[in-house]
Amino acid sequence: MLVSRVTLALQIIRYQEIWARTYHGKSRNKNVSNSIHLLLTADVMGRPGRRLLAALIPQLRNHYDLHGVFINAENVAHGFGMGLKQYKELCDAGIDGFSMGNHVWDQRELIEFIDQVPNIVRPANFPPGTPGKGHAVIPCGGVPIGMINIMGRVFMQALDCRSEERRVGKEC
């Protein structure tokens, strides 16, 4: 498999289970695990990135006991957004959540289905009325995982973000 053009950064992050702990750090429920294992990726680029994920996700889920897998999917369609075909392929590969960015609308068909799927999160600081949502709570292995997406402005096309703080506060 050719992966030299794949810019796929994998990072296993271990979060302490905050809601199952008291202020003294003792678990309230002995049957609840005290950690959540998530896999987060940077931009997944095109077909090589999708193939790599499809091959690795089952092994990584098993090896690291992952509760959830989240990717930045704005470049999965050959570097230009994400279409329905790529979305279904990645869901079948075991991806739980998708973040998008400045290439979110490069595949226009996403506009048709982004409001019908619960696990695609476009930047929350896009102007009011933009299709999709800027946050989601995604169930991963019985654990609800909150996801919010904020797009920065450095080296990006200008956005009307004058009220982004108020808008993000309202969405969340």
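Residues numbered from 1 in each chain as written. Predicted model: local features only at pLDDT ≥ 70, side-chain atom pairs only at ≥ 80, totals over all residues. Heavy atoms only, no water.

1. Quick look at helix α1 (residues 46-64)
Now for step 1: If you check α1, its first and last C-alpha atoms are 25 Å apart, about what 19 residues at 1.5 Å a residue would give, namely 27 Å.
Now for step 2: Burial in α1 covers these residues: Gly 46, Gly 49, Arg 50, Leu 52, Leu 53, Ile 57 and Leu 60.
Now for step 3: A positive backbone phi angle near 50 degrees is found at Asp 65, which sits one or two residues after α1. (Helix = DSSP H or I, 4+ residues; strand = E, 2+ residues; numbered from the N terminus. Expected span 1.5 Å × (residues − 1). Buried < 20%, exposed > 50% of the residue type's maximum accessible area, 1.4 Å probe, protein only.)

2. Looking at the packing of aromatic side chains
Now for step 1: Considering all chains together, one arrives at two aromatic pairs under this definition.
Now for step 2: Taking 5.2 Å as the distance between ring centres and 50 degrees as the angle between the ring planes, the aromatic pair formed by Tyr 87 and Phe 98 counts as tilted. Of this pair, Tyr 87 sits in helix α2 (residues 84-93) while Phe 98 sits in strand β4 (residues 97-99), placing them eleven residues apart in sequence. Comparing Tyr 87 with Phe 98 shows no difference in burial state: the two are buried.
Now for step 3: Ring geometry for Tyr 87 versus Phe 113: centroids 5.6 Å apart, planes at 45 degrees, classification tilted. Within this pair, whereas Tyr 87 is found in helix α2, its partner Phe 113 is found in helix α3 (residues 109-113), the two being separated by 26 residues in sequence.
Now for step 4: Looking at Tyr 87, the relative accessible area reads 9%, which means it is buried.
Now for step 5: Feature note: the residues Tyr 87, Phe 98 and Phe 113 constitute an aromatic cluster, connected by ring pairs. (Phe/Tyr/Trp six-rings, centres within 6.5 Å; stacked < 30°, edge-to-face > 60°.)

3. Structural notes on the environment of Gly 79
Now for step 1: With respect to the helices, strands and loops of the structure, Gly 79 is situated in the loop between β3 (68-72) and α2.
Now for step 2: According to the relative accessible area criterion, Gly 79 is buried, its value standing at 11%.
Now for step 3: Setting aside chain neighbours within four positions, we find Gly 79 in contact with Met 45, Gly 46 and His 103. (Contact = heavy atoms within 4.5 Å.)

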